[in-house]
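Residue strings, one per chain:
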Amino acid sequence: MKRSRLLAVLVGGLFCVVVVSMYRMLELMQGGEPPVGQVNEDLSRLQQKIDKLEHLLSGNNQLVATLRDSLLNHKALWETRGGVNRSLDSAHSLSGCQSVKKMEAGEDGVQLLDIYDLLPFDNPDGGAWKQGFEIRYHGNEWDEQPLELFLVPHSHNDPGWLKTFDGYYQDQTKHILNNMLIKLSEDNRRKMIWAEISYFSKWWNDIDKQKRHLVKRLVEAGQLELVTGGWVMADEANSHYFALLDQLIEGHQWIQKHLGVKPSSGWAVDPFGHSPSMTYLLKGAGLKNMLIQRVHYAVKKHFAQKQTLEFLWRQSWDSTSRSDITCHMMPFYSYDVPHTCGPNPAVCCQFDFHRLPGGRVFCPWRIPPQPITEQNVEERALLLLDQYRQKSRLFRSPVLLVPLGDDFRYVDAREWDDQFINYQRLFDYFDQHPELHIKARFGTLSDYFQALHGHLNSAGTTLPTLQGDFFTYADRDDHYWSGYFTSRPFYKRLDRILEATLRASEILFSLTLAEMRRFHGNGRLSADFPAREHFGLLTEGRRNLGLFQHHDAVTGTGRDPVVVDYGTRLFHSILNLRQVLQSSAHWLILLDKNQYHHDQSKPFLQMDDVISAQDALPQKMTLRLGDQPRPLIIFNPTEQLQSSVISILIDCPDAHVVEAQTGRPMAAQISAVWVELNQASTDSFQLSFIAELPPLSLVVYHVSKATTGSTARAQYTVYRHGSQLAVHAEPFQVSAPQGPEADVPLSLNNKHIHIWSSPKTGLLQKLRMKSGLVRQLQVQFLWYGTRSGFNQDKSGAYLFLPGKEGAQPYPFAQPPLVRISRGPIFSDVTSCFRHFTHTVRLYHLDGHAGRSVEISNMVDIRSEVNRELVMRLRSDVANGNRFYTDLNGFQMQQRRTLDKLPLQANFYPMSSASFLQDSTSRLSLLSAQSQAVAALKPGELEVLLDRRLQQDDNRGLGQGVTDNKLTASLYHLLLEERSGGSQEVGGASVEHLSLLAHLSSLSLSHPPFTMVAMSNSQLPKMQTFLPLRLSLPCDVHLLNLRTLEDPQEAESPSQEAALLLHRKGLDCSAAPEPVPACTWSEHEEVNLDELFSPLRFRSVRRSGLTLLRDDDEEPNSGQHRPPHVARLQPMEISAFRVEIHDSN
Ligand SMILES: [Zn+2]
């Protein structure tokens, strides 16, 4: 023991000498303690020395990481492979980038964009099937192969909509599930499917052992199937793929733990349009089949005519069949019973036995259902069979799916009996009459798909493939559901703040546990660290974020009190997860871990901002600077080395910042904090400095008071065009343009970009890149109103129904107050209008942060009636009618603005990015929140910022959207030269974001977290925490490092974590110049050990995206011995169960 300690110290000493000489050599070390070679027998002193060495080493690691990153950057520039110099001025210079692919739809392939070009969208009256056509059959079609029918009972339970999640659970959901147990047990021919695990798990917690046993028996017997298995039935337009996957993991993990099964079929009857990103995740999670419902009625009709309602949905970027998943599109208007048995709702409604006379629901077609009796069974059976047969003609196989259910169905026992008993009588009749050639029974969704696949296999046929997405949804006429892409934008932004906080907490918590185990040995954690409590907070955060992905939550389509309930959940989880971040960071930065003490009432670290309520924006705290330097701890949640501008508020106008470990001073700027439009605070000032943050690091900075005038101050120009204005902003220099100067365009520039703005409004007009590329780029604000006629349908939470006049320019009686600030760290122009404050900022930074223009808006339209505010960018980019929007932040989708469609149909969801391009340039708008976006005219791109609508739009919500708040939105605008030459690709080309846009988007979505040490005196010594030696390749995104639950000890963290990596697709045509400070993957084979060095993985097991265990999987099987080489393919997300090493 002692000998190995001695050896460790000697080796450590040697290291130290190297470290010190390296520091000297690089003249970067401001002072450090020399290693003492003398070995003392006192073990505690030895321990201290080892700690010091470790401290020094970690400081050095940071330096090395920075050097390595910049070295690799240069290497990437000049490295030759196969003797060819890699030149960056031509296309395809980025190895690993994906050149533009023209979509080749195979012989039996369907490309949705082509269908949009093809369809007239004329909406003729189809008769009984209003949006369809008359279906004919002879009657002998089923003579050879009988109609095989599966009636699938379902109950659609929204986790919040008109009532809150808990409200629905108490009033309906728990009764539905309780009755399910009784009614399915009564007859083993009965079946049921269930989708929302949020509800199912809540109910599970309420029931006793015996009932749980019964549930398992029903699942094993195939009577009860959990479909999709997500926490909710997620929205697919506004949701980000992190959250989509996270709620799927949460649900699947729950199902596996409690029921021991894996979902195999997806069920999405209510989300308002469908995205292939969801499809990708389902396939990756091991699902074989899926079902969708809300698709544009004209597209449904076309698919029905072509018998392509069942298809293999393939990712647009996939040239193989790897991503294919069997998808069933329901053909009719709704998922309720009148629209599922066949084309005629007046007939089908008669087979919804919940609507038997005397009940609360009835048939609007005025023909009520009749109980099935011996007298009427023949007539009833034949009437129903006719509908089944007509419906069957829309499909290629004689296997038929008929869902039986609606919203919150099967609440009381009577309803169960009415449906099951009457249908069983019909089925029995069919059985007794083989000449009808129908085999009908209750089934689950997987029963149906199994029979379908069986039939397809035996017939030797395959389904057509389909590429594309199903936005923007219309359910009738010109009622396009593009309003919900923006509704309740405050919460759409809050959703992403929780998402970023959750991801950061997950990663830092997992790293903390690994570090603790390494520190203590034996897999033990620090006794005082609240690992179990924090794991509970993480679980709650996952579930609250998951709940908000529901299709009435992030969509902004819930009732006001339900919105407050969601907001409160998001808000509480943000606060709770901040605790996890703070105490994890606390342990990690302590030099002497024995000094760690957890006290929730007196946290050692706190965020530098406060969120006071669920509907409030974060407010920065003003830090008091005393005689002692004030430590700031910054966490970089990205896997990239970042140069970030950190801004804090302090109580004096002069301060300086040093990096604590090296004493290196950081460039800083003091700016005014404006309390009124023309008045700056006298006791609060903004200090901004440039932080160099290695990947996933915690870096300690010291902020101290400085002598008066020693810190660079922003200089201001403040004015209102055409009028005199008094400005109070001591001690800042303020000027106002005089005479002809007042009409000269405002201009700001950094190393990479030069911008010009209107002297009257301060709004952007022109942009020039360092390369000389110039683009006209005007920012405009406009209002949309809604239709004005008395009997006209108007916009609401779901629908966007703008008035005929279209968008009208935002009027202003007097010009806005314009404030220009110029400083060494950033410069910006702010325009203060009545309903919004708009800021355009340039950062004076090298690297990607200096390459984009930051745009931020603060919008308040609470005084308005039936209005929607839009920000429009008008450029001279010649994009024609093509533009691109992202789907869930996962992939880019081409859009075509079509004149044959109404204006509202040309709006699409944008959750993180959209761009316009021509042969020479690309203009990308990267966004930190989800919104509606359109490119109505060539060169134009517009985003809807907020909407205030006084009325309901008749989709069941029963209210308007009038709970607007002061709402923030944030973007990066990127203009890039395209050196790919004529890249004008016709057809449905697949495009990706550029490398620069990926990096910019990453820093926009995952900004650093700033923490402050709360006590000013006697702070323990702190050290930088550097888990990674190098940035990850910049096309590899660390999506999550999510600690898994201990299978033995419930609600406790295990030693295993889910490592989720997303290798992004890169565009080839925009060669970044200068090259970002990172490398990118050239090969698909990646050594995870190298990637994550010095973290070491004891075990790495590739798994499905929801981390389900295989039954035959042996723990720690020798199959994956180090090195852990994994294949990461472009665009693919890869999931691994990993154990991070717990010993050196
Ligand atoms: Zn719903």
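Everything numeric in this text was worked out from a predicted model, so none of it was measured. (Residues numbered from 1 in each chain as written. Predicted model: local features only at pLDDT ≥ 70, side-chain atom pairs only at ≥ 80, totals over all residues. Heavy atoms only, no water.)

1. Focus: the coordination of the zinc ion
For the zinc ion, every protein donor is listed as His156 (NE2), Asp158 (OD), Asp270 (OD) and His551 (NE2), and the spread of their distances is 2.0 to 2.1 Å. Each of the four donor atoms bound to the zinc ion contributes to angles spanning 90 to 165 degrees, and the resulting shape is irregular. Read N to C, the donor residues that coordinate the zinc ion are spaced as H-x1-D-x111-D-x280-H. Of this pair, His156 sits in strand 4 (residues 147–156) while Asp270 sits in the loop between strand 7 (265–268) and helix 8 (276–284), and the two are 114 residues apart along the sequence. A residue is classified by how much of its surface remains accessible, and Asp270, at 5% relative accessible area, is buried. (Donors = N, O, S within 2.8 Å, 3.2 Å for Na, K, Ca; no water. Tetrahedral: all angles 85-135°; square planar, octahedral: opposite > 155°, others 65-115°. Helix = DSSP H or I, 4+ residues; strand = E, 2+ residues; numbered from the N terminus. Buried < 20%, exposed > 50% of the residue type's maximum accessible area, 1.4 Å probe, protein only.)

2. Topic: empty space enclosed by the protein
Inspection of every chain in the model, using the stated rule, returns 13 cavities of 30 Å³ or more. Along its surface, the largest cavity is lined by 20 residues, and Gly889, Ser912, His998, Ser1001 and Lys1064 are the ones closest to its centre. Looking at the lining of the largest cavity, the elements with two or more residues in it are strand 40 (891–896) and helix 17 (995–1005). Looking at the lining of the largest cavity element by element, the count peaks at four residues for helix 17. Grouping the amino acids of the lining of the largest cavity by side-chain chemistry returns six nonpolar, twelve polar and two charged. Of the residues that make up the lining of the largest cavity, three or more belong to each of domain 3 (716–982) and domain 4 (1036–1141). (1 Å grid on protein atoms, 1.4 Å probe; cavity = no way out; pocket = protein on both sides within 12 Å on 5 of 7 lines; lining within 4 Å. Points joined across faces, edges and corners; volume = space filled by probe spheres on them. Nonpolar A, V, L, I, M, F, W, Y, C, P; charged D, E, K, R; others polar. Domains from an automatic or database assignment.)

3. Structural notes on the pattern of salt bridges
For the coordinates displayed, the defined rule picks out 58 salt bridges. Here Arg1063 ties to Asp1035 by a salt bridge, and the two come within 3.2 Å at their closest N and O atoms. Of this pair, Arg1063 sits in strand 49 (residues 1053–1063) while Asp1035 sits in the loop between strand 47 (1009–1013) and strand 48 (1036–1045), placing them 28 residues apart in sequence. By sharing partners, the salt bridges in this structure join Asp166, Lys202, Asp565 and Arg569 into a single network. (Salt bridge = Lys/Arg side-chain N within 4 Å of Asp/Glu carboxyl O.)

4. Observations concerning the sheet that holds strand 10 (residues 325–329)
Strand order across the open sheet formed by six strands is 3-13-9-10-8-7, with mixed pairing between neighbours. What marks the edges here is a single partner per strand, and that holds for strand 3 (109–111) and strand 7. Put simply, the sheet's adjacent strands are angled 30 degrees from each other on average, direction ignored. Two strands pair when backbone bridges link them, and strand 9 (residues 310–314) and strand 13 (residues 465–467) are joined in this way by three bridges, in the parallel orientation. Directly across from Arg314, in strand 13, lies its bridge partner Gln467. (Pairing = 2+ DSSP bridges. Axes fitted to C-alpha atoms, helices over the stretch in contact; angles between N-to-C directions.)

5. A few points about the state of the cysteines
Counted by the stated rule, this structure contains two disulfides. Bridging Cys341 to Cys348, the disulfide has an S-S length of 2.0 Å. One disulfide, between Cys341 and Cys348, carries an S-S torsion of -90 degrees and so falls in the left-handed class. Judged by relative accessible area, which is 1%, Cys341 ranks as buried. Between the sulfur of Cys349 and that of Cys363 lies a disulfide, 2.0 Å long from S to S. The sign of the -100 degrees torsion about the S-S bond sets the Cys349-Cys363 disulfide as left-handed. (Disulfide = S-S within 2.5 Å.)

6. Some remarks on the sheet that holds strand 25 (residues 679–693)
What the four strands build is an open sheet, ordered 19-21-25-24; its pairing is mixed. Sheet topology places strand 19 (622–623) and strand 24 (668–676) at the edges, where each strand pairs with a single neighbour. Where strand 19 and strand 21 (residues 642–650) come together, two bridges link them in parallel fashion. Among the inter-strand pairings, Thr622 is bridged to a residue of strand 21, identified as Leu649.

7. Looking at the confidence of the model for the chain
Predicted confidence across the chain gives a mean pLDDT of 90, with 88% of residues reaching 70 or more. Confidence over residues 62–92 falls short of pLDDT 50; this stretch has 51 contacts with residues more than four positions distant or in other chains. Low pLDDT (under 50) marks residues 981–985, which in the prediction has eight contacts with non-local residues, meaning those over four places away or in another chain. (pLDDT = per-residue confidence, 0-100. Contact = heavy atoms within 4.5 Å.)

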